[in-house]
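Below are the chains, spelled out letter by letter.
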Number of protein chains: 2
Amino acid sequence: MEATAAEVDAAVRAAHDAGGALADRGVRAALLRRAADLLDGAGERIVEAADAETALGPGRLTGELARTTYQLRAFADVVEEGAFLDVLIDHADPALTPPRPDLRRYKIPLGVVAVYAASNFPLAFSVPGGDTASALAAGCPVVVKAHPDHPATSELSAALLRRAAAEVGLPVGVIGLVHGFDAGLDLVRHPLVAAAGFTGSVRGGRALYDAAAARPRPIPFHGELGSLNPVVVTEAAADERAEQIGTGLAGSMTLGTGQFCVKPGLVLAPHGPAGDRLARSLTEAVSDTEAGVLLDHRMRDAFIDGVRERAALPDVQAPVTPGAGGAHTVSAGFLTVPAARLAGDEGTHDLLLEECFGPVTVLARYTDDAEIGAVLARLPGNLTATLQLGAAECEGGDARPDADADADAGVGTDAGADVAEGGTGPAGDGGGRGARLLAALTPLAGRILVNGWPTGVAVAPAQHHGGPYPATTSTATSVGGTAVERWLRPVAYQDTPPALLPQELREDNPLKLPRRVDGRAER
Amino acid sequence: MEATAAEVDAAVRAAHDAGGALADRGVRAALLRRAADLLDGAGERIVEAADAETALGPGRLTGELARTTYQLRAFADVVEEGAFLDVLIDHADPALTPPRPDLRRYKIPLGVVAVYAASNFPLAFSVPGGDTASALAAGCPVVVKAHPDHPATSELSAALLRRAAAEVGLPVGVIGLVHGFDAGLDLVRHPLVAAAGFTGSVRGGRALYDAAAARPRPIPFHGELGSLNPVVVTEAAADERAEQIGTGLAGSMTLGTGQFCVKPGLVLAPHGPAGDRLARSLTEAVSDTEAGVLLDHRMRDAFIDGVRERAALPDVQAPVTPGAGGAHTVSAGFLTVPAARLAGDEGTHDLLLEECFGPVTVLARYTDDAEIGAVLARLPGNLTATLQLGAAECEGGDARPDADADADAGVGTDAGADVAEGGTGPAGDGGGRGARLLAALTPLAGRILVNGWPTGVAVAPAQHHGGPYPATTSTATSVGGTAVERWLRPVAYQDTPPALLPQELREDNPLKLPRRVDGRAER
């Protein structure tokens, strides 16, 4: 079943040859919509196949399929509107020194995109997922490297995408599928592959990133590798909503048996009675959670070993011990540790700052804001960072607009600024403690939430699913309307006769595209 | 004079510490404008220093300074308008399944940017150049690695930038300057450096790119490495304008003693009498060109050796032999070769497809369009590609809208498609031969010109100065309004209380920023 080098080459060449057929935006939108319809139509079969391979359950998989087809249709809308072409037109200006020529810029597809499917989303981040949908939307043919945990689901999805291509008059080569570890490496090294998208582990993703960078002609590699997704609970929030936060956290960290890339993996909660209430509530809710099945036995082993190793660290306790459940299952749980243990430079507890895939989180109890800042300063990049605030903190009611406010609060100028890496943001607006904490979290992640939970990544135009390394290997997003930007490059035409210009750049704008003319948005 | 590791570290830390002060867009615009004023005010001293170090001449350097200060002011305008923040707002929609949260996205600065200065532009692509200007515009502090060919000009420019910073109330650490080869490597490897910009050679740029990719936390590396800048002259163009094209080409390839990154280095011209006229005109114009001084003796040696090696290849002739002039100068010249020699897979003449820095170009004479397509298929990526067309070809007057037209013309489906890598573009519009040639050039470069010459890169909102590798190591531009995008990353705020939002994302849009709301541009 693993693809040989010759088979990878054939898939890439077929995709490359089919690329020109994707030049028409109308046919791309039709392909995406037809694919969504066919996937919906085969929903029962797909969910059955995916459940057999992943044990994620029909409920979760039915939701994932709906997300996947919604996403395909959303990218069809993006293609049709055309704002992603980023049309810029500067008219010639002979009065300038030197005289300015006529310049017309838009974005064109990069070429064949390699997509590396994820284990934990057999649909939404696999063959018919966001990387594929956004690449096709951009006009790029795709070759997917299937995840070994769900080969049959991958084949079924690919067959439906190829049928959709055929039905809208496209060569089926616009979608290729290969299996196997070596095939994945062959793919990223293939001279005709122009870019890659990846969702998976730090180890696998970094190996492919390195291979992409080491090519004679390097290519963009957009990888989502790993994320701890820190949560900061203020004293006020715990005072007001300890039980709600404990229950919400338990729900988010055990959702899908803790196998989401945005699972909250580190929670900074206050010492003292309010924090204790939160911990008790978390204990109850997690204890009530049913054991679940992980995606495969390697992940189960890694989870059990990872938890054991973390629990053995000094001062780490396990109010609810996560680990092996009956049969093939694992049970959810959480660990606690004094935040001071994570704050120092000794690195004795750095393992707790690494993602542990599965239903476990770490509750780090802090004594003051300085400890929060010190822990945040030691975190790697994340997809999300979450703040649980009290009601007054949300109103900016305790605002201290004097210049020393940051230093007083302990997050900000001292420790916070160390992680603030030049970012603008909420702190710049002189708000209160809530705003300062938000500013301290901003450098750490691509999505910042207040009083919510990070699981459930909305498919929406303004979504950003990405973040500082290792969350992603680039500054791009893999979810949301702007995911299409990853597969494009700009080209500018200078003093080109009107009759030769692509329609997208013609003066009379026959395609009614949004554009900026002479440096301003056209109205 | 070379910076030690400790000095590099100090410069980066000073820049990092100064980053927060750049959060305010108003102060960034003020810094850029004040820097432009100070540079203009010290113009005489700067031009003198730069001429002493580069021998580029006061005329050229006065123009370069004007370009540099225009560019600084243009980025001030970009900062103030704020479209680059790319504000996206999606309102919550509880009616959707699953319900959509409120999402508000904009772009924030990445952090400290390392800038590697170029030899051939001691101002516009060095300390006060486009990389520095766009990084400061984005809100990122900068540490420049000076080019060894013009250290005094670099120090003078940096002092003026730092004075501008102080005058607008910013820490002078927002601009750092280091010298030395090892310092350059230390810089790209520094943990607090968040991105890099580079203009220079393939060898130097690739080494730094590799170092950036090999970091524990890889960073974006936007490098401009090298470009051949091919030109295609059609039979009709040569028929109509042989003398004009020959003279224009001579002017472009010898401008600045051939030391521009967009120098036309390969010209495909027809066999036969029209092409002969072009060659004669080029011969006359190049013979009339005065010998010039190259930037340093290493470049002079490389030029002389490079020309000698190329001229020694079979079937290569030198109607005007380029090479060593008197004293420290070199004389301009050009080589000719049958295009068929470049078209095959043997690779015997591949050296002619590599950039040769200095006043030389290669005139490749083709017998038919198939040879054009075959040569184009073998070219690496370029900053520019130029088409010289006849009047009728510009009107699309010979359009053949039948599906086989591409194959008939020999560029397009057969050879052209091989280089067309899935691009949309002019050919998609069913135009004539001119449009098909334009479509064949589009995959090769970031800027496409018709009936012009690539030297003279306009500083304009729609400019794109970049292209497929090795022209650049990313899909970004280093000139023009969108150069600022290289130093930003998006962040999305989910369900964040209005009082805590950064001003840029508030519902009432107090900063009057252009934005997209619920997937559409706001009017």
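Provided above is the structure to which this section pertains.
Scope of this entry: the structure provided in the associated data block. A quick note: this is a predicted structure, and the numbers were derived from the prediction, not measured. (Residues numbered from 1 in each chain as written. Chains lettered and ligands numbered in written order. Predicted model: local features only at pLDDT ≥ 70, side-chain atom pairs only at ≥ 80, totals over all residues. Heavy atoms only, no water.)

## Comments concerning the overall build of chain A
The condition is simple: Only DSSP runs of H or I reaching four residues or more are called helices, and only runs of E reaching two or more are called strands; each is numbered from the N terminus. Burial here depends on accessible area, computed with a 1.4 Å probe over protein chains only, as a share of the maximum for the residue type. Under 20% is buried, over 50% is exposed, and the range in between is partly exposed. Note on contacts: a residue pair qualifies if any of its non-hydrogen atoms lie within 4.5 Å across the two residues.
Secondary structure summary: chain A contains 17 helices and 20 strands in total. With the C-alpha coordinates aligned to their principal axes, the bounding extent of chain A is approximately 75 × 65 × 40 Å. Expressed as a percentage of its 523 residues, the buried residues of chain A come to 63%. Across chain A, the fraction of contacts at a sequence separation of at least 24, relative to all contacts at a separation of at least 6, is 77%.

## Digging into the packing of aromatic side chains
Residues and elements named next belong to chain A. As a reminder, the rule being used: Paired rings are identified among Phe, Tyr and Trp, the last through its six-membered ring, by centres lying within 6.5 Å, and are further divided according to the angle between planes into stacked (under 30 degrees), edge-to-face (over 60) and tilted (the rest).
On inspection of all chains with the given rule, the structure shows 10 aromatic pairs over all chains. Both rings, one in Phe-198 and one in Phe-221, keep their centres 6.0 Å apart while their planes meet at 35°; by these two values the pair is tilted. Here Phe-198, found in strand β6 (residues 193-199), pairs with Phe-221, found in strand β7 (residues 221-224); they are 23 residues apart in sequence, far enough to count as distant. Look at Phe-198 and you get buried, because its relative accessible area is 9%. Among the residues examined, Phe-221 registers a relative accessible area of 5% and is labelled buried.

## A closer look at the environment of Val-233 of chain B
Residues and elements named next belong to chain B. With respect to the secondary-structure elements, Val-233 resides in strand β8 (residues 230-233). On the accessibility criterion, Val-233 (0% relative accessible area) is buried. Residues Val-233 and Val-144, 89 residues apart in the sequence, show an inter-C-alpha distance of 40 Å. When sequence neighbours within four positions are dropped, the list of residues in contact with Val-233 reads Ala-238, Ile-245, Val-267, Leu-268, Ala-269, Pro-270, Leu-278, Tyr-366 and Gln-388.

## Focus: the sheet that holds strand β15 (residues 360-366) of chain A
So the rule is basically this: Here, a strand pair is defined by DSSP locating no fewer than two bridges between the strands. Every angle, taken between N-to-C directions, lies between 0 and 180 degrees, and every axis is a line fitted to C-alpha atoms, over only the stretch in contact when it is a helix.
Strands sit in the order β11(A)-β14(A)-β15(A)-β9(A)-β8(A)-β16(A)-β17(A)-β18(B)-β2(B)-β1(B)-β19(B)-β20(B) across an open sheet of 12 strands; the sheet is mixed. Each edge of the open sheet is held by one strand with a lone partner, namely β11 (317-320) of chain A together with β20 (520-521) of chain B. Where strand β16 (residues 382-388) of chain A lies against strand β17 (residues 445-450) of chain A, five bridges are found, and the strand directions are parallel. Each residue of the ladder has a partner; that of Asn-382 of chain A, found in β17 of chain A, is Ala-445 of chain A. Sitting on the sheet, helix α9 (residues 235-254) of chain A is in contact with β8 (230-233), β9 (266-270), β14 (333-338), β15 and β16 of chain A, with an inclination near 150° to β8 of chain A. Here helix α13 (residues 369-376) of chain A sits on the sheet in contact with β8, β9 and β15 of chain A, set at roughly 170° to β9 of chain A.

## Here we look at the interface of chain A and chain B
Stated precisely, the cut-off is as follows: By the criterion applied in these results, polar contacts are pairs of N or O atoms within 3.5 Å in which, for protein atoms, one can donate a hydrogen and the other can accept it, and in which residues neighboring in sequence qualify only through two side-chain atoms. Ten residues, namely Ala, Val, Leu, Ile, Met, Phe, Trp, Tyr, Cys and Pro, are considered nonpolar, four, namely Asp, Glu, Lys and Arg, are considered charged, and the remaining ones, Gly among them, are considered polar.
Opposite the 88 residues of chain A that make contact, chain B presents 88 residues. In this assembly, chain A and chain B are joined by 28 residue pairs in polar contact (both at pLDDT 80 or more). If one sorts the elements of the side of chain A that touches chain B by residue count, strand β18 (residues 488-494) of chain A sits on top with seven residues. Residue classes in the side of chain A that touches chain B are distributed as 45 nonpolar, 21 polar and 22 charged. With three bridges joining them, β17 of chain A and strand β18 (residues 488-494) of chain B adopt parallel strand pairing. Looking across to β18 of chain B, one finds that Ile-448 of chain A is bridged to Tyr-493 of chain B.

## Comments concerning the pattern of salt bridges
If charged atoms from side chains of opposite charge come close, those side chains can pair. The condition is simple: In what follows, salt bridge is the name for a side-chain nitrogen of Lys or Arg lying within 4 Å of a carboxyl oxygen of Asp or Glu.
Counted according to the given criterion, the structure contains 51 salt bridges over all chains. One salt bridge connects Asp-131 of chain B with Arg-486 of chain B, and the closest N-O pair in it is separated by 2.9 Å. Note that Asp-131 of chain B is positioned in helix α5 (residues 130-138) and Arg-486 of chain B in the loop between β17 (445-450) and β18, a separation of 355 residues in sequence. Just as Asp-131 of chain B is buried, Arg-486 of chain B falls in that class too. Linking Arg-433 of chain B and Glu-393 of chain B is a salt bridge whose minimum nitrogen-to-oxygen distance equals 2.6 Å. Here Arg-433 of chain B, found in helix α17 (residues 433-441), pairs with Glu-393 of chain B, found in helix α14 (residues 391-394); they are 40 residues apart in sequence, far enough to count as distant. The exposure class assigned to Arg-433 of chain B is buried, which follows from its relative accessible area of 14%. What makes Glu-393 of chain B buried here is its relative accessible area of 6%. What emerges from the salt-bridge pattern is a single network uniting Arg-34, Asp-37, Asp-40, Arg-73 and Glu-167 of chain A.

## So, the nonpolar core
Definition in use: Residues belong to a common nonpolar core when they are buried Ala, Val, Leu, Ile, Met, Phe, Trp, Tyr or Cys residues joined through side-chain atoms within 4.5 Å.
Ranked by size, the top nonpolar core spans 109 residues in total, and within it Leu-266, Leu-268 and Leu-376 of chain A together with Leu-32 of chain B carry the most contacts. Looking at which element gives the most residues to this core, the answer is helix α2 (residues 25-41) of chain B, with eight residues. Those residues in contact with Leu-32 of chain B, other than ones at most four positions away along the chain, are Leu-72, Phe-75, Ala-76, Val-79, Ala-133, Leu-136 and Ala-137 of chain B. If you look at the next biggest cluster of nonpolar residues, it comprises 103 residues, including Leu-136, Val-144 and Leu-505 of chain A together with Val-362 of chain B.

## Some details on the relation of the copies chain A and chain B
Put simply, the test is: In superposing the copies, a least-squares fit is computed on C-alpha atoms, taking residues whose pLDDT is at least 70 in both.
By a simple turn and slide, chain A fits onto chain B: the slide is 0.0 Å along the axis, the RMSD is 0.0 Å, and the turn is 180°. As the rotation angle and translation indicate, the two copies are arranged about a two-fold axis. Among all C-alpha atoms of chain A, that of Ala-213 of chain A lies closest to the rotation axis, at 3.3 Å. When you check the interface residues of chain A against chain B, 100% turn up at the interface there too, and the contact is symmetric in its surfaces.

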